[in-house]
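Each chain, written out:
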Amino acid sequence: MAKKRGTGKAIAHHGELLQGVFEDAGGQLLRGLVSLPCPALTSIATFAPNERDEVTVSPTFCEKARRAASQSLVTFARVRTGGHLRLVTNIPIGRGMGSSTADVLASIHAVLDYLGIVTTTESIMRIAVDAETACDSTLFKQQAVLFAQRDGIVLEAFRKPIPSLNIVSVDMAPASTVSTLEFQPAQYEPGEVEIFRPLRSLLRRAIDTGDVLSLGRVATASAWINERFLPKPRLRELQAIAMRYGASGLQVAHSGTIAGLLFDPVDARTPENMDLAIRAIDALGLSQRTFLT
Amino acid sequence: MFDRVRLRNLEEFEDPRMVPLGGHLFGACFFLMKLLPARFMLERAVERGQLGPGGIICESSSGTFALALAMLSVQNDYRLLIVGDWALDRNLRRRLFQLGVELDIVETAHPTGGFQLARLERLQDHLRNKPGSYWPAQYSNHDNPTAYSKIAARFIDVVGPVDCLVGSVGSGGSMCGTARYLRLLFPELKVVGIDTHNSVLFGQPNALRHVSGLGGGIIPANVDHTQFDEIHWLSAAEIISAAHDLHKKHGLFMGPTSGAAFRVARWWSDNHPGKRVVAIFPDEGHRYADTVFDVAWVAANIPNWTRTRSEEPITVPSPGVKMTDWARYPWGRRGLSEVLGDGLPPG
Ligand SMILES: Cc1ncc(COP(=O)(O)O)c(C=O)c1O
């Protein structure tokens with residue numbers, strides 16, 4: 001065995017730029033999403049082998065991460081291995097920021113690091129989807145992808161990563177939490193799925209050309225479509241602030257409670273606009289924080 | 001997540017070719033636009049169990065929708081019955097026959113609803129006599145506008161953010177569907193619809209019309225009036241000369257409703273420099289070679305052909321006024337009764 005212990009790190013996301021139903025190459029419809037990565041928040045996993053033949057975890061509620069580590073060992077270790085997995089994270093739980101997925105991915109990476117194995121993104125995704133039911137697309141760092149979160153497959157790889165954004169992040173319902181597993185996925189009407197075609201087209205174009213305004217339009221449209229399935233209180237008020245202070249768009253966690261105003265870091269008026277927006281959000285009595293991606 | 005029915009053998013014919021026409025104007029040139037909504041309606045009908053293998057499709061149409069259904073029926077082994085009228089020209093009749101379509105031509109107009117209503121009444125007889133047959137009902141079927149998400153996506157792929165959409169209105173499916181999908185992303189989008197004199201779609205009193213494909217004597221449910229910022233009305237002579245111009249200036253041999261879209265889009269584009277405009281050109285010109293593109297035929301059949309044509313529209317105070325030339329009305333995304341005031345459709 002190569003190492004005494006292994007470590008792995010995974011990042012959070014700030015919800016999704018787009019989530020819906022999309023055609024795969026064969027024309028069949030799959031649920032898909034494009035996560036908005038939030039590298040400022042991370043989960044770090046440490047895996048230390050021991051004499052037991054099972055994996056234990058702390059904190060103990062990180063059962064899915066434990067399962068993922070265990071499955072990674074079954075898949076990649078040449079001898080049956082047990083050990084202890086420790087997770088340290090600063091990702092808020094139940095906000096739709098991918099805390100659970102980040103734990104799972106960090107754990108898989110920790111086991112791979114311990115084993116000294118390099119594998120494909122696809123096989124990591126497969127273990128993650130098995131452990132987690134659904135997964136996000138934060139693992140794809142070189143280029144943004146439209147990811148079928150329940151099938152673990154890439155529906156479309158875009159030419160570039162998501163352009164840098166300044167996000168004013170707001171928790172719209174701090175008192176409630178949404179569980180990925182318990183949350184009933186959106187039941188779209190057959191005609192409703194057509195909505196996602198033009199959104200996918202504009203998103204592709206926005207990413208390929210680094211067009212933050214178009215990115216914001218896609219995120220805004222996706223946020224409003226999602227209101228039918230997981231409404232966010234006071235989203236209309238937040239949209240008004242976005243429009244008043246020149247945000248590129250409004251963006252949400254489609255299975256969570258956070259929302260964000262997206263600003264273009266290249267625009268010279270952005271710092272001032274963000275200050276004004278933050279003050280307006282404070283005046284609504286909502287708490288906010290800023291992420292620069 | 002959903003198992004979709006796919007009748008896509010002719011899909012390569014569905015997308016328009018996007019042709020730059022100078023300034024920031026693009027023409028979306030369709031081979032036969034109706035192939036898209038026809039295919040989409042049939043797929044959804046199969047999914048809902050309304051159309052079974054080898055089933056019978058019945059529709060009222062005197063134009064391109066009939067042809068699209070006929071092509072799809074041959075591809076997918078359906079039987080097709082079309083109720084048409086005089087507007088179904090000789091060439092199209094021949095094609096429909098060759099495609100195995102059962103044709104029923106209505107000879108006399110309904111006293112108030114014209115040929116359109118007469119056709120619909122005849123169609124109801126056929127539907128009663130052929131139990132289990134499927135009526136796509138392009139004028140009211142929501143799948144007609146819904147099909148155009150694909151076109152909105154295509155416009156974004158080629159043009160990027162669209163500022164203005166221009167096109168003729170018949171069933172309303174293409175303009176209202178495309179506009180609805182584009183507006184989701186571009187709320188400031190301007191939508192300019194084109195109708196013809198004597199058509200009730202946007203408030204003209206019903207009377208004889210000389211071009212088909214746009215306008216009508218009945219207001220289709222798929223016309224969502226609240227989508228339109230501006231409505232233009234053109235005479236038959238203006239529409240036909242515009243189709244000639246599109247051919248002469250850009251080499252594009254397209255049908256009369258394409259000509260109408262070209263005329264209005266060119267004017268709108270010239271008056272809004274820098275705005276990205278897309279005009280919908282729904283079909284090619286071949287079907288009209290012996291009529292619209294035959295100057296002798298036009299001179300003999302189209303009123304006021306020799307009259308000089310206006311370079312720009314006259315803005316009218318209300319949609320119901322008597323029109324002789326190119327007219328324009330700032331519709332302002334209102335409902336029909338809101339515009340007409342009395343809440344009653346005309347005619
Ligand atoms: C040639 C042509 N152009 C335009 C249209 C109008 O399109 P829509 O029915 O989508 O309003 C039609 C409709 O039949 C048509 O046949």
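## Considering the overall build of chain B
Then comes step 1: In terms of helices and strands, chain B carries 11 helices and 11 strands.
Then comes step 2: A compact globule built from 347 residues would reach a C-alpha radius of gyration of about 20 Å, and chain B, at 19 Å, matches this within 12%.
Then comes step 3: Dimensions along the principal axes, computed over C-alpha positions, put chain B at roughly 50 × 50 × 45 Å.
Then comes step 4: Of all intrachain contacts in chain B linking residues separated by at least 6 positions in sequence, the fraction that spans at least 24 positions is 69%.
Then comes step 5: With an accessible surface of roughly 13800 Å², chain B has 51% of that area assigned to carbon and sulfur atoms.
Then comes step 6: Computed over 36 positive and 36 negative side-chain charges, the inter-centroid distance for chain B is 1 Å.

## Considering the domain arrangement of chain A
Residues and elements named next belong to chain A.
Then comes step 1: Domain parsing of chain A yields domain 1 (6–157) and domain 2 (166–292).
Then comes step 2: Using only C-alpha atoms to locate each centre, domain 1 and domain 2 end up separated by 24 Å.
Then comes step 3: With 32 residues of domain 1 in contact, the opposing surface of domain 2 contributes 39 residues.
Then comes step 4: Buried surface at the junction of domain 1 and domain 2, both sides included, amounts to about 2800 Å², of which 58% is carbon and sulfur.
Then comes step 5: Contact with domain 2 buries area across many residues of domain 1, yet His-14, Leu-17 and Arg-95 alone supply 26% of it, more than any other trio.
Then comes step 6: Where domain 1 touches domain 2, the interface holds four salt bridges.
Then comes step 7: For Glu-156, the salt bridge goes to Arg-200, with nearest N and O atoms at 2.8 Å.
Then comes step 8: Summed over the shared surface of domain 1 and domain 2, the number is 15 residue pairs in polar contact (both at pLDDT 80 or more).

## Let's talk about the environment of Leu-286 of chain A
Residues and elements named next belong to chain A.
Then comes step 1: Here Leu-286 shows up in the loop between helix H7 (270–283) and strand S10 (288–292).
Then comes step 2: What makes Leu-286 buried here is its relative accessible area of 10%.
Then comes step 3: C-alpha of Leu-286 to C-alpha of Val-111: the two residues are 175 residues apart in sequence and 40 Å apart in space.
Then comes step 4: The residues touching Leu-286, leaving out its near neighbours within four places in the chain, are Val-170, Asp-171, Arg-234 and Ile-281.

Parameters and conventions
- Residues numbered from 1 in each chain as written.
- Chains lettered and ligands numbered in written order.
- Predicted model: local features only at pLDDT ≥ 70, side-chain atom pairs only at ≥ 80, totals over all residues.
- Heavy atoms only, no water.
- Helix = DSSP H or I, 4+ residues; strand = E, 2+ residues; numbered from the N terminus.
- Rg over C-alpha atoms; globule rule 2.2 N^0.38 Å.
- Contact = heavy atoms within 4.5 Å.
- Areas by Shrake-Rupley, 256 points an atom, 1.4 Å probe, with all protein chains shown as cover.
- Lys, Arg positive; Asp, Glu negative; His and termini not counted.
- Charge placed at Lys NZ, Arg CZ, Asp CG, Glu CD.
- Domains from an automatic or database assignment.
- Buried area = accessible area lost by both parts, 1.4 Å probe.
- Salt bridge = Lys/Arg side-chain N within 4 Å of Asp/Glu carboxyl O.
- Polar contact = N/O pair within 3.5 Å; in protein donor to acceptor, adjacent residues only side chain to side chain.
- Buried < 20%, exposed > 50% of the residue type's maximum accessible area, 1.4 Å probe, protein only.

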